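# Examination of the molecular architecture
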There are 2 protein chains.
Amino acid sequence: MSGSVPATGRPKDRILGTARSLFRKCGIRGTGVDAIAESAGTNKMTLYRHFQSKDALIVACLEDAARDAEELWRTVEASAPGEPRKQLDTWIRLVEAGLHHDRGCEFSNAAVELPEACSVVRDTIASFKRTQRERLAGICRDAGIREADRLADTLGLMVEGARVSRQASGDEGPSSRFADCARMAIDHFALQGSPGIANAPAENQPAE
Amino acid sequence: MSGSVPATGRPKDRILGTARSLFRKCGIRGTGVDAIAESAGTNKMTLYRHFQSKDALIVACLEDAARDAEELWRTVEASAPGEPRKQLDTWIRLVEAGLHHDRGCEFSNAAVELPEACSVVRDTIASFKRTQRERLAGICRDAGIREADRLADTLGLMVEGARVSRQASGDEGPSSRFADCARMAIDHFALQGSPGIANAPAENQPAE
DNA sequence: CCTTGAAGTGACAGGTCGGTAACATTCCGT
DNA sequence: ACGGAATGTTACCGACCTGTCACTTCAAGG
C-alpha cells in the first residue's frame, strides 16, 4: 500500500515510471530499490525479475527519458514544418517550460551523481548527449546558420547551464534568463550570416 | 595507513582536504566518512571531534571551495588592474583551464547530488552562487557593458553548462567550445553598446 | 479440470552507512 | 617532569543498502 502511483498497467511499467519519478525527486543514490518497489505498488522480487540490477533499472529509466526527448524533437518539428527558425523558437519555449517542471536533465544529473558508474550507464549518457547535440545542430543547419555547430554548442551549454543552475540557485537565478540569452545568441548567429535569408549560398535546404 | 594524503598538518586540515578531494572524485554520497578518515591518515573519532556531522563536513568543504573561488577573483583582478575587459579574458582562460582539472563545480555538483539536503547546505550553495553572479556582473559593469547583468547571466549559464557537460560528454563535447562561445558573447554585448564606446574605459575607476 | 507462469510475501544474507561510547596513548606547553 | 588536551583504537549501534531465498496466490488458457 501507500504506493504513490496507482496500480494501473503492468508492474514493469509501474516500476519504471515510479523509478524515474523517484530518481528525479530524491536523486538516484537517494532512492533505494525497496522504496521504488513499494511506491510502485509491488515488491522487490518483481522488480528484480524485470530488471537485472539497479544499474539496469537506471539504464532503462534513461532509455525511457531518451524516448521522451525524441518526442520533444518531433513536437518541435511538427510545430513549424519546414521552418527551422520557428522550430528553434519552439524549442526554446519548450525547454524553458521544462525548466520549471523537472529537476534538471536526468542524464546530466546521473553523470554528476554517478561519477564512477559502470560503463553501460556512462555510455548511455554520452550517446544521448551526442544525439541531442546533433539534433540541435541539424535544425541550426537547416535554418541556414553558417556556423551552425557553434550555435548549437552555445545553445547546448546554455540549456545545460540553465538546468543545473536552477537546482543550485532556484527559479530566480540565472536560469530565469535562459530564453532571453538563447534568443540573443540565435539572432547574433543569424545576423552573422544565414545563406537563405541574408546572404550567401543555401547549399542544401531540404525541399519544403 | 594507505592515506592518499601524507600526514602533514593538523588532522582537521588533512580531513578537510581529503574530504574535498574524495567528494570531487567519488561524489559526496559516494564517499563514506570511514574512507575520508582513513584516507586522511586518521580515524573516524577524530573526524567527528572536529566536525559535528557529515553535513557539517560538507559545508566546511564548500566554504573551503568558496575561499578558493575568492582567490580566483583576486587573480583575475590582479591580472589587469583597472582593465575589466582584460579581466574577462583572464577569467575565461582560468575557467577553461579549470574545466580540464576539476570534475565540475563543487557547489553545483552538491546541489545535484543532494536534492533533499538540509537547509544549511542548500543555503551555502545558493549564497555562493549569488556571490559569483555578482562578482561577474561587477566586472561586466566596470567594463562599461550596458546590459552587464544580462551578459553576466549569459556567461554564467555557459560556464555552468560547460562544467556539467564535461561530466556527461567528456572533453570532446560542447564544453570544448566554452571559451569560443564566451568570447563571442562578450564581443556581442560590447558592440551592443558600451557607454564609453567600444572596449575602453570603466568610467569610475577608483584612481589607481 | 489442471497446468503454467507471472506476481506477491516475508525473511534474510552480507555489507555499508552515519554516528557514538569507553578507553588508551601521544603530544606539548608549562 | 607533569598534566591536560589532542589524538588513536576498538567495539558497537541501528538503519539502510542491494540482492536472493523459498514459498504462496491467482488468473488465463488448454
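Quick summary incoming for the structure in this document. (Residues numbered from 1 in each chain as written. Chains lettered and ligands numbered in written order. Predicted model: local features only at pLDDT ≥ 70, side-chain atom pairs only at ≥ 80, totals over all residues. Heavy atoms only, no water.)

## Comments concerning the packing of aromatic side chains
Two numbers describe a pair of aromatic rings. These are the distance of the centres and the angle of the planes. All names here are of chain B. Overall, the coordinates contain 4 aromatic pairs over all chains when judged by the stated rule. For the ring pair Trp 91 and Phe 178, a centre distance of 6.3 Å and an interplane angle of 70° mean the geometry is edge-to-face. Residue Trp 91 is located in helix α5 (residues 84-101), and its partner Phe 178 is located in helix α9 (residues 178-191); the two are separated by 87 residues in the primary sequence. Each of the two residues, Trp 91 as well as Phe 178, counts as buried. (Phe/Tyr/Trp six-rings, centres within 6.5 Å; stacked < 30°, edge-to-face > 60°. Helix = DSSP H or I, 4+ residues; strand = E, 2+ residues; numbered from the N terminus. Buried < 20%, exposed > 50% of the residue type's maximum accessible area, 1.4 Å probe, protein only.)

## A few points about the nonpolar core
Core analysis: the largest hydrophobic core is formed by 60 residues, its most contacted members being Trp91(A), Phe178(A), Trp91(B) and Phe178(B). Every residue in contact with Phe178(A), bar those within four places of it in the chain, is listed here: Trp91(A), Ile92(A), Val95(A), Glu96(A), Leu99(A), Met158(A), Val159(A), Ala162(A) and Leu157(B). One finds Leu16(A), Leu22(A), Ile58(A) and Leu62(A) within the second-largest nonpolar core, a separate group that totals 30 residues. (Core = buried A, V, L, I, M, F, W, Y, C linked by side-chain atoms within 4.5 Å. Contact = heavy atoms within 4.5 Å.)

## Regarding the relation of the copies chain A and chain B
Overlaying chain A with chain B gives an RMSD of 0.1 Å, the required rotation being 180° about an axis along which the chain moves by 0.0 Å. Both copies are brought into coincidence by an operation consistent with a two-fold rotation axis. Closest to the rotation axis within chain A is the C-alpha of Gly161(A), separated from it by 1.8 Å. Taken together, the interface assignments show that 100% of the residues at the interface of chain A recur at the interface of chain B, consistent with an identical surface on both copies. (Least-squares fit on C-alpha atoms with pLDDT ≥ 70 in both.)

## Looking at the protein's contact with DNA strand D
Taken together, 17 residues surround DNA strand D, and among them Val33(A), Lys44(A), Met45(A), Thr42(B) and Arg49(B) come closest. The sugar-phosphate backbone supplies 44% of the atoms of DNA strand D found within 4 Å of the protein. Lys44(A) has a polar side-chain atom sitting 2.2 Å from a base oxygen of DNA strand D. Only α2 (33-39) and α3 (44-50) of chain A together with α3 (44-50) of chain B provide two or more residues apiece to the surface near DNA strand D. At 4 residues, the largest contribution of residues to the surface near DNA strand D is made by α3(B). Residue composition of the surface near DNA strand D, by class: 5 nonpolar, 8 polar and 4 charged. (Near = heavy atom within 4 Å. Polar contact = N/O pair within 3.5 Å; in protein donor to acceptor, adjacent residues only side chain to side chain. Nonpolar A, V, L, I, M, F, W, Y, C, P; charged D, E, K, R; others polar.)

## Quick word on the pattern of salt bridges
Residue and element names in this part refer to chain A. Evaluated as defined, the whole model comprises 35 salt bridges over all chains. Glu 70 is the partner of Arg 135 in a salt bridge, and the nearest nitrogen-oxygen pair spans 2.7 Å. Highlighted residues: Arg 135 in helix α7 (residues 119-142) and Glu 70 in helix α4 (residues 54-79), separated in sequence by 65 residues. The shortest N-O distance in the salt bridge between Glu 160 and Lys 129 comes to 3.1 Å. Residue Glu 160 is found in helix α8 (residues 148-169), and its partner Lys 129 is found in helix α7; the two are separated by 31 residues along the sequence. (Salt bridge = Lys/Arg side-chain N within 4 Å of Asp/Glu carboxyl O.)

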